[in-house]
Amino acid sequence: MRLSRYFLPVLKENPAEAQIVSHRYMLRAGMIKQQAAGIYSWLPLGFKVLRRIEQIVHEEQTRAGHIPLLMPTLQPADLWRESGRYDDYGQEMLRIKDRQDREMLYGPTNEEMITDIFRAHVNSYKDLPLTLYHIQWKFRDEMRPRFGVMRGREFLMKDGYNFDVDREAALHSYNRHMVSYLRTYERMGLTAIPMRADSGPIGGDDTHEFLVLASTGESEVFFDSAVTELRLGNRDVDYDNREAVAAVCKEFTTLYARTDETHDAALFDAIPEERRKVARGIEVGQIFYFGTKYSASMGAEVVTKEGTKVPVEMGSHGIGVSRLLGAIIEASHDDKGIIWPEGVTPFHAGIVNLKQGDAAADAACAGLEAALIKAGLDPLYDDRDERAGAKFATMDLIGLPWRITVGPRGLEKGIVELTSRRTGVSEEMTPEAAVAKLITIYEGHK
RNA sequence: CGGAGCGUAGCGCAGUCUGGUAGCGCACCUGCUUCGGGAGCAGGGGGUCGGAGGUUCGAAUCCUCUCGCUCCGACCA
């Protein structure tokens, strides 16, 4: 993409309404535009990152054997009367009447609807296990939306629902989700710690929240500092192997890590003092096992091997997709702007032409752009007729992890500069070497 | 929903107390000079002062109502 033809409305000054760094940078980098309290348009750059995050979520869900579908944003109220949540949910649920005066709602979550789909089409234990998920816009009419996309009223969420024949199988589904979530967050460059949490209005017996540590987080968290060292890495976990999956979960949940809702001071104090940490975190996901809470009230039953009917065992699992944009920026930025992890960056590299209009520089940039595209990468070439400083400032702000700087001075020696946004370290090399190095860097992030 | 603020050009703000016909910086347009970390000079365009009513010879400014947004708190992916 050439910047002169793109739509990237960057702001030099900080918008008055943005209080936290991720919100400020998303506005300044031209990623979002607020349309109402807690409701945003996603401008091209923000939309690109949102899509990359969605893609990673899809890939990891598919890897775990979960099946994508798509449910509507609007739901009939009657479905929620069956589960009893229509009255319980409160003002946070946006209620709407259509022209026939039918009561509708903009879905804050989809347990009822997925249970309705399940009961209509599944009758036998032979069709289990089954996990269905979608990535869809939700609406929760928060009393006080804030922090940009971190606490919007409209937000994009991946929500998945597992259906299993018995508790043991359902717990495996729970564990499978935990591992798939660990992989998902690591691919996004995040350290998200699973913490024992409170079940809240969804209800249930077992639940973990995934927290990204950040000083601006809304939750207070207590943990053993050793948990932050744990990494899933490139381990090839067999998602069908209950013991293997459970072992990973055990590894990640044995050390103390809890939110303030479930914090136990006695257990916490048993940790060696130097490893005892109190910090703040951003919740980027949550998994629940809730058994037959919805299947019993809504009549979602399957026939077992023995021929008896039992309500299906369920759980639900969510990832705050739009919130992740904010969480990633909170966890990865400096005073110049965003620093995208390679896994989610909107463009793989920026090309800065220091002297637009110089024949050699123009040709070298065009050549680099073509070579990167040919290699399957997605570069952003700043071909604007701007001074070097303005181009650097824009690149730093929008946070592309790698920048190739091209100028007449270097070209005389046959070299360009490849600069890491994260470390600031520049290396001089030939254009061909820069392309080769970028290909290598991104091999692990495709 | 309780408490506190703010709405003036695309963005950031001054002007409101003390009423007199709207201003600054950035951005934008034109020209010239610059050009390896947000250039300089000159010229130029753009605003129903959130909206409605009222007071007044006259309202961005005073009064009433209303809408929107932000912050603190309680609630939450």
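Keep in mind that what you see is a predicted model, and the values were worked out from it rather than measured.

Peer 1: I would appreciate a short explanation of the sheet that holds strand β19 (residues 349–353) in the present structure.
Peer 2: Whenever strands of a sheet pair, they do so through backbone hydrogen bonds, lying parallel or antiparallel. If you walk across this open sheet you meet the five strands as β20-β19-β21-β22-β23, and the pairing is mixed. The strands lining the two open edges of the sheet, one partner per strand, are β20 (379–382) and β23 (426–429). Strand-to-strand twist across the sheet, computed as the mean angle between neighbouring axes with direction ignored, equals 20 degrees.

Peer 1: Any chance you could explain the domain arrangement of chain A here in plain terms?
Peer 2: By a frequent convention, interface size equals the accessible area lost on bringing the separate parts together. Once the domains are mapped, chain A shows domain 1 (3–338) and domain 2 (349–443). Distance from the C-alpha centre of domain 1 to the C-alpha centre of domain 2: 37 Å. Opposite the 16 residues of domain 1 that make contact, domain 2 presents 13 residues. Summed over both sides, the interface between domain 1 and domain 2 buries roughly 1,200 Å², with carbon and sulfur atoms accounting for 57% of that surface. Residue R421 is joined to D334 by a salt bridge in which the shortest nitrogen-to-oxygen separation is 2.8 Å. The interface formed by domain 1 and domain 2 includes nine residue pairs in polar contact (both at pLDDT 80 or more). Elements with a contribution of two residues or more to the side of domain 1 that touches domain 2: α1 (21–28), α2 (44–63) and β18 (337–338). Top element by residues in the side of domain 1 that touches domain 2 is α2. It accounts for three residues.

Peer 1: Explain the sheet that holds strand β4 (residues 74–76) here, please?
Peer 2: Spatial ordering of the open sheet is given by β4-β6-β5, a layout of three strands whose pairing is antiparallel. Each end of this open sheet is capped by a strand with a single partner; those strands are β4 and β5 (94–97). The mean inter-strand angle of the sheet, taken between neighbouring strand axes irrespective of direction, is 35 degrees. Taken together, the three bridges between β4 and strand β6 (residues 103–106) define a ladder with antiparallel strand orientation. Bridge assignment links Q75 to a residue of β6, and that residue is L105.

Peer 1: Can you help me understand the confidence of the model for chain A in this one?
Peer 2: Fine structural detail should not be taken from predicted coordinates in areas where pLDDT scores are low. The pLDDT averaged across chain A works out to 94; a share of 98% of its residues lies at or above 70. Scored as a complex, the prediction yields pTM 0.96 and ipTM 0.93.

Peer 1: Help me understand the pattern of salt bridges, please; the structure alone is not making it clear to me.
Peer 2: Working definition: two side chains of opposite charge can pair if their charged atoms are close together. Per the counting criterion, the structure on display carries 28 salt bridges. Close ionic contact of E59 with R187 constitutes a salt bridge, the shortest N to O distance being 2.7 Å. Remark: R187 occurs in helix α6 (residues 167–187) and E59 occurs in helix α2; sequence separation between them is 128 residues. What makes R187 partly exposed here is its relative accessible area of 21%. A salt bridge links R187 to E60; its shortest N-O distance comes to 2.9 Å. Highlighted residues: R187 in helix α6 and E60 in helix α2, separated in sequence by 127 residues. For E60, a relative accessible area of 0% corresponds to the buried category. One network of salt bridges, in which partners are shared, links E59, E60, R63, R183 and R187.

Peer 1: Could you clarify how one ought to interpret the packing of aromatic side chains in this entry?
Peer 2: Remark: the centre distance and the inter-plane angle together describe each pair of aromatic rings, the angle taken between the planes. Counted by the stated rule, this structure contains 11 aromatic pairs. Ring geometry for Y181 against Y185: centres 6.2 Å apart, planes inclined by 85 degrees, an arrangement best described as edge-to-face. With a gap of four residues between them, Y181 and Y185 both fall in helix α6, about one helical turn apart. Each member of the pair, Y181 as well as Y185, is classed as buried. With 5.5 Å between their ring centres and 55 degrees between their planes, Y181 and F210 make a pair best called tilted. Taken as a pair, Y181 in helix α6 and F210 in strand β10 (residues 206–213) lie far apart in primary sequence, 29 residues in all.

Peer 1: Any chance you could explain the protein's contact with RNA strand B here in plain terms?
Peer 2: Looking at RNA strand B, there are 37 residues lining it, with R151, G152, E283, D396 and E417 nearest. K12 has a polar side-chain atom sitting 3.2 Å from a sugar or linking oxygen of RNA strand B. E13 has a polar side-chain atom sitting 2.8 Å from a base nitrogen of RNA strand B. If you list the elements that add at least two residues to the surface near RNA strand B, you get β1 (32–36), α12 (388–398), β21 (402–406) and α13 (408–412). Examining the composition of the surface near RNA strand B, we find that seven residues originate from one element, α12, more than from any other.

Thresholds applied
- Residues numbered from 1 in each chain as written.
- Chains lettered and ligands numbered in written order.
- Predicted model: local features only at pLDDT ≥ 70, side-chain atom pairs only at ≥ 80, totals over all residues.
- Heavy atoms only, no water.
- Pairing = 2+ DSSP bridges.
- Helix = DSSP H or I, 4+ residues; strand = E, 2+ residues; numbered from the N terminus.
- Axes fitted to C-alpha atoms, helices over the stretch in contact; angles between N-to-C directions.
- Domains from an automatic or database assignment.
- Contact = heavy atoms within 4.5 Å.
- Buried area = accessible area lost by both parts, 1.4 Å probe.
- Salt bridge = Lys/Arg side-chain N within 4 Å of Asp/Glu carboxyl O.
- Polar contact = N/O pair within 3.5 Å; in protein donor to acceptor, adjacent residues only side chain to side chain.
- pLDDT = per-residue confidence, 0-100.
- Buried < 20%, exposed > 50% of the residue type's maximum accessible area, 1.4 Å probe, protein only.
- Phe/Tyr/Trp six-rings, centres within 6.5 Å; stacked < 30°, edge-to-face > 60°.
- Near = heavy atom within 4 Å.

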